[in-house]
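Secondary and tertiary structure notes
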Number of protein chains: 2
Amino acid sequence: MIYTVTLNPAIDYVIRVPEFQVDQLNKTTEEYKFPGGKGINVSRILKNLDVESINLGFVGGFTGSFIRNKLSEERLITDFIEVPGDTRINIKLKSDVETEINGQGPTIESVHLHALKSQLSDCTSSDLIVFSGSIPKGVSEDIYTELVQLVSELNIPFVVDISSEKLLDILKFSPTLIKPNHHELADIFNTSFNSFEEMIPYGQKLVAMGAENVLLSMGKDGAALFNETGVYRAPGLVGQLKNSVGSGDSMVAGFVSQLSQEKEILEAFKYGVASGSATAFNDDLAPGKDILALVEKVKINKLT
Amino acid sequence: MIYTVTLNPAIDYVIRVPEFQVDQLNKTTEEYKFPGGKGINVSRILKNLDVESINLGFVGGFTGSFIRNKLSEERLITDFIEVPGDTRINIKLKSDVETEINGQGPTIESVHLHALKSQLSDCTSSDLIVFSGSIPKGVSEDIYTELVQLVSELNIPFVVDISSEKLLDILKFSPTLIKPNHHELADIFNTSFNSFEEMIPYGQKLVAMGAENVLLSMGKDGAALFNETGVYRAPGLVGQLKNSVGSGDSMVAGFVSQLSQEKEILEAFKYGVASGSATAFNDDLAPGKDILALVEKVKINKLT
């Protein structure tokens, strides 16, 4: 079974306010609420690809109930740990420009972390755990390193998609997959890139440091895959960008969907690129049929 | 029993964002959620003054459950009608300046309006109904006139606090109290005022048109009461303004709290002014002790 871990879920509260003005009373003309958080996005895309997963993480309050209920309506499986306080609300304010206001979410205490670790300890080497997303209040910046060490000692394969420099700390535990984007790759190594060619040695370095697969997403320029067998490049697919939110999570989900079916790693790469692009071409996370329609359009070139 | 009617309740989601920037990702540093809506505010202040009331109106979804639960925790009585869709969220964004973003709330259908009318029809002349606040989607601008006509035909006394010009339409049904502020008084008569003296004939006109009592609030300049016995003025109380939100609702509640105890109308006026001021001097709606401490400080002068 695939488990996705979302430490700090959110309600994504998407509102449209024509001519938004600071210092005034504004009124929304459109409103949408979605269960948000990177791990939850991964599970929702997996579901769209008919792959089951179980959502783990921390939820609380009436906003947490919203997330439980919405996921349940979508027939996703959850095994969240209930915490005191309300799951946060992240406001996505769409006007002439887009403005985001992220809430804080509950403070996680050691008893809750202990409960999560206990859940993870019950997994086995036939499971796969996806760690992604931001770290809630009360929790150490080293939490992903701790959790990864725990599952690694139990030989449970895992995927990590975080944007902190702590990503380097987890490489020695041999993640099955990490998925930095080109900005994150630059940040991790405190550098900058003018071309894809300049990124190649850094992708390779992540493999040398322990990552089994490095999926490098580059927005409209497509993606690259680095592993022990070489470097692969998939050019960006053609389509109209509607929504970059959740595109990276979709890429992770697409990749993982094939891993769990023991498909070739390049098939996983194809599904990753197709899923990321399909979400970018949709208003919300991509439906399965949109992903499948793109899979055969993904071209992969082996570079080294 | 006092009934307060809130057609379009809200969660007031108060967030602090230091240096809020449009077109960026912002993060909150403080978050509070309150059950909001003018009728609900009136009931909460009444409770603080140890006067029972029943909250009527429409709530829906997980945000509606939040409001039910919070009011229940405060031991307020509710008899809300459940509607499809989520009760709205009104964002109060505090940064260098204050910005408000009001949500839309559910669409109310005729079946729900019918249920509300049925509740009101069960009231008697020993009850008092307080109508206040904005009109939800799907409901005619004439809704307050309709509801007021209904209760008036049943000889049920009622209070109306709305900021629409429709206020004039309800005067012929003899409201026990209306509470325009000085801006609303000017808007109703499509005029403007340079002094309190200029407002007096307009306050008197509202009485002549049918209002039993007209409570005119003027912010830091205090308030005036108009009725058949004359015109009364209460100068503003001295204190530090912290929060004007809910001050008008508190004034209504203070006034109504005494009516229900069959106190003299000028005692009701005193409680109205004290309650409005106490809330203005507090971060949230005023506690009862703050109101009681101000009551004796209210000075009333009879002008005519």
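In what follows, the accompanying structure is described. (Residues numbered from 1 in each chain as written. Chains lettered and ligands numbered in written order. Predicted model: local features only at pLDDT ≥ 70, side-chain atom pairs only at ≥ 80, totals over all residues. Heavy atoms only, no water.)

Our next topic: the pairing of strand β8 (residues 88-94) of chain A. Residue and element names in this part refer to chain A. Extensive coverage of β8 is indicated by the burial of 6 of its 7 residues. Relative to β8, strand β2 (residues 10-16) runs parallel, the two being bridged by 7 bridges. Within β8, the position partnered with Val-14 by the bridge is Lys-92. Relative to strand β9 (residues 98-102), β8 runs antiparallel, the two sharing 5 bridges. Looking at the pairing, Asn-90 lines up with Asn-102 of β9. Counting the residues that bridge the hairpin from β8 to β9 gives 3 residues. (Buried < 20%, exposed > 50% of the residue type's maximum accessible area, 1.4 Å probe, protein only. Helix = DSSP H or I, 4+ residues; strand = E, 2+ residues; numbered from the N terminus. Pairing = 2+ DSSP bridges.)

Moving on, we get to the pairing of strand β15 (residues 230-234) of chain B. All names here are of chain B. Within β15, 5 of the 5 residues are buried, which leaves the element mostly enclosed by the surrounding structure. What you see with β15 is no split at all: Gly-230, Tyr-232 and Ala-234 on one side and Val-231 and Arg-233 on the other are buried throughout. Pairing analysis gives 5 bridges linking strand β14 (residues 223-227) to β15, with the strands arranged antiparallel. Its bridge partner being in β15, Leu-225 is matched across the sheet by Tyr-232. Between β14 and β15, which pair antiparallel and follow one another directly, the connecting turn spans 2 residues. Inspection of the sheet shows β15 paired to strand β16 (residues 301-302) by 2 bridges, in the antiparallel sense. Within β16, the residue paired with Arg-233 across the bridge is Asn-301.

A word on helix α9 (residues 265-280) of chain A. Residues and elements named next belong to chain A. For α9, with 16 residues, the first-to-last C-alpha span of 23 Å sits near the 22 Å given by 1.5 Å per residue. Looking only at α9, the buried set comprises Ala-268, Phe-269, Tyr-271, Gly-272, Val-273, Ala-274, Ser-275, Gly-276, Ser-277, Ala-278, Thr-279 and Ala-280. On its buried face, α9 is in contact with α1 (38-48), β13 (213-217), β14 (223-227), β15 (230-234), α8 (247-259) and α10 (288-295). (Expected span 1.5 Å × (residues − 1). Contact = heavy atoms within 4.5 Å.)

Another point: the sheet that holds β9(A). The strand order across the open sheet built from 5 strands is β4(A)-β2(A)-β8(A)-β9(A)-β3(B), with neighbouring strands paired in mixed fashion. Edge positions in the sheet fall to β4 (30-36) of chain A together with β3 (25-27) of chain B, since each of these pairs with one other strand and no more. With direction set aside, neighbouring strand axes in the sheet form an average angle of 20 degrees. Both β9(A) and β3(B) contribute to a ladder of 3 bridges, which runs parallel. Note that in β3(B) the partner of Asn102(A) across the bridge is Lys27(B). (Axes fitted to C-alpha atoms, helices over the stretch in contact; angles between N-to-C directions.)

Moving on to the relation of the copies chain A and chain B. Superposing chain A onto chain B requires a rotation of 180 degrees together with a translation of 0.0 Å along the rotation axis, leaving an RMSD of 0.1 Å. Those values place the two copies in the arrangement expected of a two-fold rotation axis. Taking C-alpha positions as reference, the residue of chain A nearest the rotation axis is Phe62(A), located at 3.2 Å. With an isologous cut-off of 70% or more, the 100% of interface residues of chain A that recur at the interface of chain B puts this contact in the isologous class. (Least-squares fit on C-alpha atoms with pLDDT ≥ 70 in both.)

This part covers the interface of chain A and chain B. Counting residues at the interface gives 33 residues for chain A and 33 residues for chain B. Summing both sides of the interface, chain A and chain B together bury roughly 2600 Å²; the carbon and sulfur share of this comes to 65%. Of all residues in chain A, Phe62(A), Ile101(A) and Gln104(A) bury the most surface against chain B, accounting for 22% of the area lost on that side. Where chain A meets chain B, there are 2 salt bridges. In this structure, Lys33(A) engages Asp86(B) in a salt bridge whose closest nitrogen and oxygen atoms are separated by 2.8 Å. Our count for the contact surface shared by chain A and chain B stands at 16 residue pairs in polar contact (both at pLDDT 80 or more). Every element with two or more residues in the side of chain A that touches chain B is listed here: β2, β3 (25-27), β4, α2 (61-73), β8 and β9 of chain A. With 5 residues, β9(A) is the largest single contributor of residues to the side of chain A that touches chain B. Classifying every residue of the side of chain A that touches chain B gives 14 nonpolar, 11 polar and 8 charged. (Buried area = accessible area lost by both parts, 1.4 Å probe. Salt bridge = Lys/Arg side-chain N within 4 Å of Asp/Glu carboxyl O. Polar contact = N/O pair within 3.5 Å; in protein donor to acceptor, adjacent residues only side chain to side chain. Nonpolar A, V, L, I, M, F, W, Y, C, P; charged D, E, K, R; others polar.)

Taken together, the side chains of Val22(A), Val97(A), Val22(B) and Val97(B) make up a nonpolar region of the molecular surface, amounting to roughly 230 Å² of accessible area. Checked against the element boundaries, Val97(A) lands in the loop between β8 and β9. (Patch = residues over 30% accessible without salt bridge, like charges linked within 9 Å, V, L, I, M, F, W, Y side chains within 5 Å. Areas by Shrake-Rupley, 256 points an atom, 1.4 Å probe, with all protein chains shown as cover.)

All names here are of chain A. Looking at where Ser-121 falls in the secondary structure, it is placed in helix α3 (residues 110-121). The class for Ser-121 is partly exposed, based on a relative accessible area of 36%. Between the C-alpha atoms of Ser-121 and Asn-41, which are 80 residues apart in sequence, the distance is 23 Å. One polar contact links the side chain of Ser-121 to the main-chain carbonyl oxygen of Lys-117, over a distance of 2.7 Å.

The subject of this paragraph is the sheet that holds strand β8 (residues 88-94) of chain B. The 5 strands lie next to each other as β3(A)-β9(B)-β8(B)-β2(B)-β4(B), forming an open sheet whose pairing is mixed. Of all the strands in the sheet, the pair left with one neighbour each is β3 of chain A together with β4 (30-36) of chain B. The sheet shows a mean angle of 20 degrees between the axes of neighbouring strands, taken without regard to direction. Here helix α2 (residues 61-73) of chain B sits on the sheet and contacts β2 (10-16), β4 and β8 of chain B; the angle it forms with β4(B), its principal contact strand, is near 80 degrees.

Within this structure, the stated rule accounts for 14 aromatic pairs over all chains. Joined through ring pairs, the aromatic side chains of Phe62(A), Phe66(A), Phe62(B) and Phe66(B) make up one cluster. Taking NZ or CZ as reference, Arg233(A) lies 4.4 Å from the ring centre of Phe196(A), over its face. (Phe/Tyr/Trp six-rings, centres within 6.5 Å; stacked < 30°, edge-to-face > 60°. Lys NZ or Arg CZ within 6 Å of the ring centre and 35° of its normal.)

In this section: helix α3 (residues 110-121) of chain B. A rise of 1.5 Å per residue sets the reference length of α3(B), with its 12 residues, at 16 Å; its end C-alpha atoms lie 16 Å apart and thus fit the reference within 8%. Check the buried side of α3(B) and you find it contacts β1 (2-6), β5 (53-59), β7 (81-82), β10 (128-132) and α4 (143-153) of chain B.

Now for the packing of helix α8 (residues 247-259) of chain B against helix α9 (residues 265-280) of chain B. All names here are of chain B. The geometry of α8 relative to α9 is characterised by a closest axis approach of 7 Å and an angle of 150 degrees between their N-to-C directions. For the element pair α8 / α9, the angle class is roughly antiparallel. Helix-helix and strand crossings are classified by hand; for α8 and α9 the assignment is right-handed. Residue-level contacts link Ser-247, Ser-250, Met-251, Gly-254, Phe-255, Ser-257, Gln-258 and Leu-259 of α8 to Ile-265, Glu-267, Ala-268, Phe-269, Tyr-271, Gly-272, Val-273, Ser-275, Gly-276, Thr-279 and Ala-280 of α9. Broken down by class, the residue content of the contact of α8 with α9 amounts to 9 nonpolar, 9 polar and 1 charged. (Parallel < 35°, antiparallel > 145°, perpendicular 65-115°, else oblique. Left-handed = near helix turned anticlockwise from the far one by under 90°.)

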